[in-house]
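# Inside the fold
Listed below are the residues making up each chain.
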Amino acid sequence: MAAMSLVLAGIDEAGYGPMLGPLCVGFSAFRIVVWESGEGAPDLWDLLSAGVCRKPGDRRRRVAVEDSKKLKLANSSQRHHPVAHLERGVLAFLGAMGDEGVRVTTDTELFDRLFVTPEGHDWYACEPRPIPVGQSAEETGITANTIRLAAHGAGVEVLAMRCRAVGEAQFNDIVDRAGTKAAATELAIGSYLRSAWDRWAAEPNRADGGPRIVCDRQGGRTDYGPVLTRLVPDATVSVLEESDRACRYRLTGDGREMTVLFLAEAESRHLPVALASMVAKYVRELMMARFNAYWCGLCPDLKPTAGYTLDARRWLRDAQAAGVVADQQRRVMVRRS
């Protein structure tokens, strides 16, 4: 078998269900520099085991990478900042990306590096807020070096990390036009698929099937062919598998090829999806921190909210009683269900 280069990427979202705050869709991509053609997808947890693990608190101080729901701590946590484990992983992989790594000291710098554009509401427009919030800058550098050494030893490159924040107004506009929340997620997925198609699908030394993009599957849908045809119009979409287990597709055209997989609970089965989940959740948490800082600045007695339905309704009642949220603001900030 010929040794080739394999690009493996993952997509996942955070904030699909909440009533307040953005929907965030994360993306991460890796290159396995030497991969034998015909082999199955590599396990990056295994390849990078010198530097990564699945659970926080590892005795070897490795970096935990897992579904963001398993790493985000309760907001009442006393021992660690609620986003400490998410932040540790996201900043470590950013620090290991490229020749020099990416260092950020504020949420604004992070947003810029991840290509996040917050929607232009007063509650997101504030001075840059310092990060990290759950660890020291020195520890951030140490963990980045841990990932860099593990990746170098395994022949793995951190290629890209991105996040698309779909703001409340855009989210509502999409739902009004399409009639479904899923269309908001598809908007971000489409941008990532087209980017991967343009950047890596024509590489001369690519593995059979081209770059492999794994997406977390929502619900029981098993027919993504029409969606992919719409999202990547330059490609011809062929079905490789459509089942309850997985939906796999091959995209080809103009000398390019790419494989796309939709998989239930993908964030627990593919490290790039888990990291994408962490990126999305970390960005959403930082944006909700801005949201709460703005409104609590107007009314210090207003208890912060994470934006999920029951607590969002409580927050809206409290904000209305305090007279700090105008009717027009409420109409803009409340997302369609």
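Model, not experiment: these values are computed from the prediction.

### A few points about the overall build of the protein
A tally of helices and strands in the protein yields 11 helices and nine strands. A globule of 337 residues ought to have a C-alpha radius of gyration of about 20 Å, and the protein, at 20 Å, matches this closely. Sequence separation of at least 24 residues holds for 70% of the intrachain contacts in the protein that already meet a minimum separation of 6. Working note: accessible area of the protein is about 15000 Å², and carbon and sulfur atoms make up 49% of it.

### Observations concerning the packing of helix α6 (residues 168–178) against helix α7 (residues 182–200)
In the contact formed by α6 and α7, the axes pass within 8 Å of each other and the chain directions differ by 115°. Overall, the two elements α6 and α7 adopt an arrangement that is roughly perpendicular. Note that α6 runs across α7; the crossing there is right-handed. Seen from α6, the contacting residues are Q170, F171, I174 and A178; seen from α7, they are A183, A184 and L187. Class assignment for the residues of the contact of α6 with α7 results in six nonpolar, one polar and no charged.

### Side note on the pattern of salt bridges
Tallying each qualifying case throughout the model produces 19 salt bridges. Here E241 ties to R245 by a salt bridge, and the two come within 2.9 Å at their closest N and O atoms. One salt-bridge network, in which partners are shared between bridges, spans R31, E157 and E203.

### A look at the nonpolar core
Grouped together as the largest cluster of nonpolar side chains are 73 residues, with contacts concentrated most on F93, M161 and W315. Sorting elements by how many residues they give to this core places helix α9 (residues 271–298) first, with 14 residues. Contacts of M161, omitting those with residues within four sequence positions, involve F27, S28, V90, F93, L94, M97, R113, L114, L275 and V279. Grouped together as the second largest cluster of nonpolar side chains are 37 residues, V25, A160, A183 and V260 included.

The rules behind each value
Residues numbered from 1 in each chain as written. Predicted model: local features only at pLDDT ≥ 70, side-chain atom pairs only at ≥ 80, totals over all residues. Heavy atoms only, no water. Helix = DSSP H or I, 4+ residues; strand = E, 2+ residues; numbered from the N terminus. Rg over C-alpha atoms; globule rule 2.2 N^0.38 Å. Contact = heavy atoms within 4.5 Å. Areas by Shrake-Rupley, 256 points an atom, 1.4 Å probe, with all protein chains shown as cover. Axes fitted to C-alpha atoms, helices over the stretch in contact; angles between N-to-C directions. Parallel < 35°, antiparallel > 145°, perpendicular 65-115°, else oblique. Left-handed = near helix turned anticlockwise from the far one by under 90°. Nonpolar A, V, L, I, M, F, W, Y, C, P; charged D, E, K, R; others polar. Salt bridge = Lys/Arg side-chain N within 4 Å of Asp/Glu carboxyl O. Core = buried A, V, L, I, M, F, W, Y, C linked by side-chain atoms within 4.5 Å. Buried < 20%, exposed > 50% of the residue type's maximum accessible area, 1.4 Å probe, protein only.

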